[in-house]
Amino acid sequence: MGRLRTALTVAAVVGGVVLVDLVLAGDAPLPRDTDHQVLVVRSTFDHGTDGWQALGPADVRRTDNAARAGEGSLLVVDRSEPWNGAQLDITDLVVPDRTYRVSVWARLAPDAEPADLQLTVERSAGGTQHFDHLVRRTVTSREWVELGAQYTMPAGTGQARLYLESLDSVADLLLDEVRVSHEAPPIQEDLPALRDVLADRFDVGVAVGPQDLAGPSGLLVRRHFGAVTPENAMKPAWIQPLEGELSFEASDQVTDFAVIHGLDVHGHTLVWHRSTPDWFFTGPDGQDLTSSPQDQELLLSRLETHTRAVAEHLRERYGDDDPVRSWDVVNEAIDPTQPDGLRRSRWYDVLGPDYLAHAFRIADEAFPEAALFLNDYDTDYPGKRRAMAQVVQDLLDQGVPIDGVGHQLHVNLDRPVERIGQTLDELASLGVRQAVTELDVALAAPGRPGSGLPTPELLEEQAAYYGQVMDLLVARSADIDTVSVWGVHDGRSWLRTWRESRRLEAPLLFDDELQAKPAFWAVVESAREAR
Ligand code: XIL
């Protein structure tokens, strides 16, 4: 891959693609990282590479012997040309026409000669590649230097990536503490608090990551929600990426916040076919585990060790103040197309259908006080509902300590609302608790191409949908412990990147500016009318 480089604005045609190189911000003073800032990217490299990849022929890896803050930083090695560096895809994280504060801390590996590093956004617009150079600084091996700039991505931008490169050196680079944030107006102090409006019905929760806890977003969480679910921080891949290497940094940030502000925590998750690191399923010989008795024993002992380590950590850190009240013990285990209703996964391959019973028994021993849930998506579909009910009934018949069923409720405007009610009723008849664990209402529905834009009409339609969902949840509140939304505000929704890029998807109650949407008011109305 050849690249054109110049400090001036130039255009050239290389292999049919127009390249435009543009210096944008230079060394303009960076505004302070204020309390009014909403973070859209925060890479700490404490757990992994946080989505960063090599730019060109180079290698990136997390290292824990040179962090500027926290436990890790990102090391870029084997660079053969100065432009080889580290890059992050920001296509779905940064919205055009909004001004962001971008900041990356950098250093060179020991003994390297000082080098000029440059932060660049490469973006496509109508068949043209643009290179917006945000800031350039001389960096040494002795100390961390901040490369910071303000950046506004122009309208019409397609793919975009942020990267760090150098001008004339191929020395190993270190990156840490990457932040991309934007200003938001103050949060609305005059809104009714969701947790109060629904207080006599159920607890209202929200999925959060450490980046949601500071500034206005943290204020919004404290004001409206009584419970938090760590969006990713408690997944096995985060807590134990390598066997025996436990890392609770992100998880602690969420649970500390909960303890300080008196919120409950819904633990997510212990057993899942995704986000369980491969080492769980790999034998000492490097081979995949089989269903042999020895391999079964090994996998179960790993699950037990992991679950106990999490419990012990919480006990040591919080004692009687442990805020984790419930757990998604097993996540997404149901597959209605299988005769036994269970998804075929590595857990299933090795342990067979009994893995669920084992997981709940192990969790019950480790967390005797917590409510234990089986959590899944699409439970409003009749087939999935039936399979879920069957699996839960089997577990109950075996005396397995399962307390409840979690309905993720990742829905969209075309999903018939009544089916949600039917599902809640059918599972309630089994006598288990229920929770709505991951509610969001996508504007884009499969049968509505191009419908993802937050037009006023669609936002009203979404509000009506949220209102109807809330009506039926409120009507069944005797069976429901918690209703949680999957994200504090639209700018942090996972649906912006999953399954395809939907940069303007807006499935939550607060918009990118953290202001209440019509959907927020529909939830409030529904709760008030039910009184
Ligand atoms: C998602 C997170 O929101 C993303 O940040 C992450 O990249 C992937 O996982 N069902 C679940 C959640 O149980 O754990 C998923 O969360 C969303 C679907």
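Residues numbered from 1 in each chain as written. Predicted model: local features only at pLDDT ≥ 70, side-chain atom pairs only at ≥ 80, totals over all residues. Heavy atoms only, no water.

*Asks:* Explain the pattern of salt bridges here, please?
*Replies:* Under the defined criterion, the tally for this structure stands at 27 salt bridges. With its nearest N and O atoms 3.4 Å apart, the salt bridge here joins D252 to R317. In this pair, D252 sits in helix α4 (residues 249-261) while R317 sits in helix α5 (residues 293-318), placing the two residues 65 residues apart along the sequence. Overall, the relative accessible area of 11% leaves D252 in the buried class. Taken together, the shared-partner salt bridges in this structure form one network comprising R98, R496, D512 and E513. (Salt bridge = Lys/Arg side-chain N within 4 Å of Asp/Glu carboxyl O. Helix = DSSP H or I, 4+ residues; strand = E, 2+ residues; numbered from the N terminus. Buried < 20%, exposed > 50% of the residue type's maximum accessible area, 1.4 Å probe, protein only.)

*Asks:* I'm lost on the pairing of strand β9 (residues 115-125) in this one. Help?
*Replies:* Where a strand is regular, its side chains alternate between the two sheet faces. Across the 11 residues that make up β9, a large majority, 10, are buried. Pairing between β9 and strand β10 (residues 128-139): 11 bridges, direction antiparallel. Looking at β10, one finds that E122 is bridged to F131. Between β9 and β10, which follow one another and run antiparallel, lie 2 residues, and G126 among them has a positive phi close to 55°. Two elements, β9 and strand β12 (residues 160-166), share 7 bridges in a ladder whose sense is antiparallel. Residue pairing for β12: V121 is matched across the bridge by L162. (Pairing = 2+ DSSP bridges.)

*Asks:* What's the story with the nonpolar core in this structure? I'm lost.
*Replies:* Across soluble globular proteins, nonpolar side chains have a tendency to be buried as a group. Counting 105 residues, the largest nonpolar core has W327, V330, L374 and L473 as its most contacted members. When residues of this core are assigned to their parent elements, the largest contribution, 9 residues, is made by helix α10 (residues 456-475). The next biggest cluster of nonpolar side chains, apart from the first, holds 39 residues, and it includes V76, V95, L108 and L164. (Core = buried A, V, L, I, M, F, W, Y, C linked by side-chain atoms within 4.5 Å.)

*Asks:* How do you make sense of the site of the ligand when you look at a structure like this?
*Replies:* Taken together, 13 residues lie around the ligand, and E231, K235, H268, N331 and E438 are the ones closest in. Contact between the ligand and K235: an oxygen atom at 2.8 Å from a side-chain N or O atom of the residue. Within the contact set of the ligand, a nitrogen atom lies 3.3 Å away from a side-chain nitrogen or oxygen of E332. In terms of residue class, the shell around the ligand is built from 3 nonpolar, 5 polar and 5 charged. (Near = heavy atom within 4 Å. Polar contact = N/O pair within 3.5 Å; in protein donor to acceptor, adjacent residues only side chain to side chain. Nonpolar A, V, L, I, M, F, W, Y, C, P; charged D, E, K, R; others polar.)

*Asks:* Help me understand the side chain of R496, please; the structure alone is not making it clear to me.
*Replies:* Inspection of the secondary structure puts R496 in the loop between β22 (480-485) and α11 (518-529). Within the structure, R496 has its side chain in polar contact with the backbone oxygen of R503 (distance 3.1 Å). With residues up to four places along the chain from it excluded, the contact list for R496 reads D92, V95, D490, G491, S501, R502, R503, L504, E505 and D512. (Contact = heavy atoms within 4.5 Å.)

*Asks:* Looking at this model, I keep getting lost on the packing of helix α8 (residues 382-397) against helix α9 (residues 417-428). Mind explaining?
*Replies:* For any two helices packed against each other, the geometry is given by the interaxial angle and the distance between the axes. Closest axis-to-axis distance for the α8/α9 pair is 10 Å, and the angle between their directions is 15°. One finds that α8 runs roughly parallel with respect to α9. Every pair of crossing elements has a handedness; the one defined by α8 and α9 is right-handed. When α8 is examined against α9, the residues P382, R385, R386, M388, A389 and V392 are found in contact with a partner set consisting of R419, Q422, T423, E426 and L427. Its residues placed into classes, the contact of α8 with α9 shows 5 nonpolar, 2 polar and 4 charged. (Axes fitted to C-alpha atoms, helices over the stretch in contact; angles between N-to-C directions. Parallel < 35°, antiparallel > 145°, perpendicular 65-115°, else oblique. Left-handed = near helix turned anticlockwise from the far one by under 90°.)

*Asks:* Explain α9 here, please?
*Replies:* Count 3.6 residues to each turn of an α-helix, and residues three or four apart come out pointing the same way. Under the 1.5 Å per step criterion, the end-to-end length of α9 is 17 Å for 12 residues, consistent within 8% with the ideal 16 Å. Of all the residues in α9, the buried ones are V417, R419, I420, G421, T423, L424 and L427. Structurally, α9 contributes buried residues whose contacts are with α8, β19 (404-407), β21 (433-442), α10 and β22. (Expected span 1.5 Å × (residues − 1).)

Worth remembering: the numbers are spatial, not functional.
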